[in-house]
Amino acid sequence: MSLAAQIGFEPEEGRGPLYRRLEERLRHAIESGVLKPEQALPSERDLAEDFAVSRITIRKALDGLVGNGLLLRRQGAGTFISGRVEKSFSKLTSFSEDMAARGRSSRSEWISRSEGAVTPDESLMLGLSPGTPVYRFNRIRYADDFAMALEYSTIPGFALPDLAVVHGSLYEALNASGTRPVRALQRLRAVLFDGQKASLMGIEPGAPGLLIERRGFLEDGRAVEMTQSWYRGDAYDFVAELNDLG
Ligand code: 16G
């Protein structure tokens, strides 16, 4: 079915500038889920033909949707429905929960899964003495079939019975062991994906990203997680609610 038919657009119908009406129709189709996250749009030339409008009208309508984040232009690949996810900075949720809350399925691909003795850096971050055993879980995180993030987690040995208990969600495994964090500190930084990380994610080397470091703690104050999450810059909006203390 053509896109025009799918979203029910008739150039002669309605009032106001044509590009605005087209923009509104497309917005509605994206927000109501008729057009799906990560779906590619046809080229501007094909859209102009399909919608029976000029390419300038198409371009102006798309510009408006790119401007407010509903569409993404990827160099050399075309225009896509944005798969951006809004993530609250004040809730201690897991990737799997975040995706489920948005009706998206999540899965992971293992980069590696190992156990060993804590490194000096990890021992500082987790407050563990040298030699303490830890588990390391390194994963590519997918929403539907779209690579959203790379995650490198270190979990102290006391928090899990063994490596194999983490197959899907890490937080589910921690929860089952009674060691899911109840509090966390997070630090966020703008980064560029280097060649190796970019190739794991299937993106261009040098693409912008967000690095979030989370340290999670138990009720008794012990650190139970240290995770570095490398999110695609075009995939997440981090949202925080601020309260005026005065
Ligand atoms: C999120 C957390 C990460 C945690 C993971 C567990 C951020 C920035 N990071 O990605 O620290 O380890 O969820 O997800 O939110 P899982 O339970 O689905 O494996």
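Residues numbered from 1 in each chain as written. Predicted model: local features only at pLDDT ≥ 70, side-chain atom pairs only at ≥ 80, totals over all residues. Heavy atoms only, no water.

Novice: Report on the site of the ligand, specifying residues and quantitative values.
Specialist: Taken together, the neighbourhood of the ligand is formed by 17 residues, with Ser96, Glu151, Ser169, Leu170 and Glu225 sitting nearest. A distance of 2.9 Å separates an oxygen atom of the ligand from a polar atom in the side chain of Arg139. One of the backbone N or O atoms of Leu170 is found 2.7 Å from an oxygen atom in the ligand. For the ligand, the accessible surface in isolation is 460 Å², of which the surrounding protein chains cover 100%. (Near = heavy atom within 4 Å. Polar contact = N/O pair within 3.5 Å; in protein donor to acceptor, adjacent residues only side chain to side chain. Areas by Shrake-Rupley, 256 points an atom, 1.4 Å probe, with all protein chains shown as cover.)

Novice: Describe the side chain of Glu44, and please don't skip the residues or the numbers.
Specialist: Along the chain, Glu44 falls in helix α3 (residues 44–51). Sequence-distant contacts of Glu44, defined by excluding residues within four places in its chain, comprise Arg55, Ile58, Arg59, Leu62 and Arg73. (Helix = DSSP H or I, 4+ residues; strand = E, 2+ residues; numbered from the N terminus. Contact = heavy atoms within 4.5 Å.)

Novice: Could you give an account of the confidence of the model for the chain, with specific residues and numbers?
Specialist: Looking at the chain as a whole, its pLDDT mean stands at 91, while 100% of the residues score no less than 70. Here strand β3 (residues 85–88) is the element of the chain with the lowest mean pLDDT, 76, and helix α7 (residues 170–176) is the one with the highest, 97. (pLDDT = per-residue confidence, 0-100.)

Novice: Let's hear about the nonpolar core: which residues, and what values?
Specialist: Within the largest apolar cluster, 21 residues are counted, with the highest numbers of intra-cluster contacts made by Leu35, Phe51 and Ile58. Elements that contribute at least two residues to this core include exactly α1 (3–7), α2 (18–31), α3 and α4 (55–67). With sequence-adjacent residues up to four places away left out, Ile58 is seen in contact with Leu22, Glu44, Leu47, Ala48, Phe51 and Val53. Among the nonpolar cores identified, the runner-up in size contains 13 residues, and Tyr135, Leu160, Leu170 and Tyr171 belong to it. (Core = buried A, V, L, I, M, F, W, Y, C linked by side-chain atoms within 4.5 Å. Buried < 20%, exposed > 50% of the residue type's maximum accessible area, 1.4 Å probe, protein only.)

Novice: Break down the environment of Arg107 for me, citing the residues and quoting the values.
Specialist: Summarising the element assignment, Arg107 is placed in strand β4 (residues 106–117). Here Arg107 falls in the partly exposed class, since its relative accessible area comes to 35%. In sequence terms Arg107 and Gly168 are 61 residues apart; their C-alpha atoms lie 7.1 Å from each other. Setting aside chain neighbours within four positions, we find Arg107 in contact with Ile140, Arg141, Tyr142, Asp144 and Asp145. Among the polar contacts made by the side chain of Arg107, one reaches the side chain of Asp145 at a distance of 3.2 Å.

Novice: Report on the sheet that holds strand β6 (residues 146–156), specifying residues and quantitative values.
Specialist: Strand order in the open sheet formed by six strands is β4-β5-β6-β9-β8-β7, with antiparallel pairing between adjacent strands. Across the chains shown, the open sheet's two edge strands, defined by having one partner strand only, are β4 and β7 (183–192). Going across the sheet, the axis of each strand differs from the next one's by a mean of 15 degrees, ignoring polarity. Sheet topology places β4 next to strand β5 (residues 133–143); 11 bridges connect them, and they run antiparallel. Considered in β5, the bridge of Ala117 is made with Pro133. (Pairing = 2+ DSSP bridges. Axes fitted to C-alpha atoms, helices over the stretch in contact; angles between N-to-C directions.)

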